[in-house]
Amino acid sequence: MLTRIHIDRLWVHARHGVLPQERTVGADFFVTLTAEVDTGMEALIDDRLEGTVSYADLCADIRRLMQQPAQLLEHVAWTMARALLEDYPRILSLTLRIDKQTPPIGLSAEAIGVEVTLSREAL
């Protein structure tokens with residue numbers, strides 16, 4: 001059965017950006033994930049984690065992957081989406097959004113970010 005796991009605005013402090021200060025001081029990011037999961041009967045009927053994907057593990061992996069500095073959020077999102085699909089065979093596709101809080105753009109914006117959608121077939 002197809003189910004969706006949602007992680008909404010997971011807060012992570014990381015060091016992504018083009019400017020040297022962004023890579024030194026870092027910034028706050030919110031990561032949102034929707035993963036389409038091939039959920040097995042182990043989860044649906046037997047109430048066992050083996051039939052699905054642990055959202056706690058997903059959160060830990062997102063945090064770990066966000067700690068690898070990069071200049072572009074596009075690169076971070078793509079790298080993370082591929083890693084999650086490779087590490088979790090039950091995930092069929094996912095949409096991943098990364099929002100950078102208070103970006104250094106000289107204008108007032110609550111957040112600016114990127115969103116990628118990737119399916120297992122695209123790997």
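Here the structure is a predicted model, which means the values were calculated and not measured. (Residues numbered from 1 in each chain as written. Predicted model: local features only at pLDDT ≥ 70, side-chain atom pairs only at ≥ 80, totals over all residues. Heavy atoms only, no water.)

Enquirer: Break down the overall build of the chain for me, citing the residues and quoting the values.
Expert: Secondary structure assignment for the chain yields four helices and four strands. Walking the chain from its N terminus toward its C terminus, one meets helices and strands in the order β-α-β-α-α-α-β-β. By principal-axis analysis of the C-alpha atoms, the chain measures approximately 55 × 25 × 20 Å. Considering the chain as a whole, with its 123 residues, one finds that 39% of them fall into the buried category. Restricting the contact set of the chain to residue pairs at least 6 apart, pairs at least 24 apart contribute 62%. (Helix = DSSP H or I, 4+ residues; strand = E, 2+ residues; numbered from the N terminus. Buried < 20%, exposed > 50% of the residue type's maximum accessible area, 1.4 Å probe, protein only. Contact = heavy atoms within 4.5 Å.)

Enquirer: Please set out the side chain of serine 54 residue by residue, giving values where relevant.
Expert: Tracing the backbone through its elements, the reader meets serine 54 in the loop between helix 2 (41–44) and helix 3 (55–66). The class of serine 54 is buried, set by a relative accessible area of 13%. Looking at serine 54, its side chain comes within polar contact range of the main-chain nitrogen of aspartate 57, at 3.1 Å. (Polar contact = N/O pair within 3.5 Å; in protein donor to acceptor, adjacent residues only side chain to side chain.)

Enquirer: Outline the environment of leucine 2, listing residues and values.
Expert: Structurally, leucine 2 can be placed in strand 1 (residues 2–14). For leucine 2, a relative accessible area of 46% corresponds to the partly exposed category. With 36 residues separating them along the chain, leucine 2 and aspartate 38 place their C-alpha atoms 5.0 Å apart.

Enquirer: Mind laying out the packing of aromatic side chains, listing which residues take part and the relevant values?
Expert: Overall, the coordinates contain zero aromatic pairs when judged by the stated rule. One residue, arginine 9, lies across the ring of phenylalanine 30, its end atom 4.0 Å from the ring centre. (Phe/Tyr/Trp six-rings, centres within 6.5 Å; stacked < 30°, edge-to-face > 60°. Lys NZ or Arg CZ within 6 Å of the ring centre and 35° of its normal.)

Enquirer: Which residues make up the side chain of histidine 16, and what are the values?
Expert: Along the polypeptide, histidine 16 turns up in the loop between strand 1 and helix 1 (20–25). Its relative accessible area of 1% is what places histidine 16 among the buried residues. Reaching out from histidine 16, the side chain makes a polar contact with the backbone oxygen of methionine 66 at a distance of 2.9 Å. Excluding residues that lie within four positions of it along the chain, histidine 16 makes contacts with Glu22, Arg23, Phe29, Met66, Gln68, Pro69, Ala70, Leu73, Val76 and Lys100.

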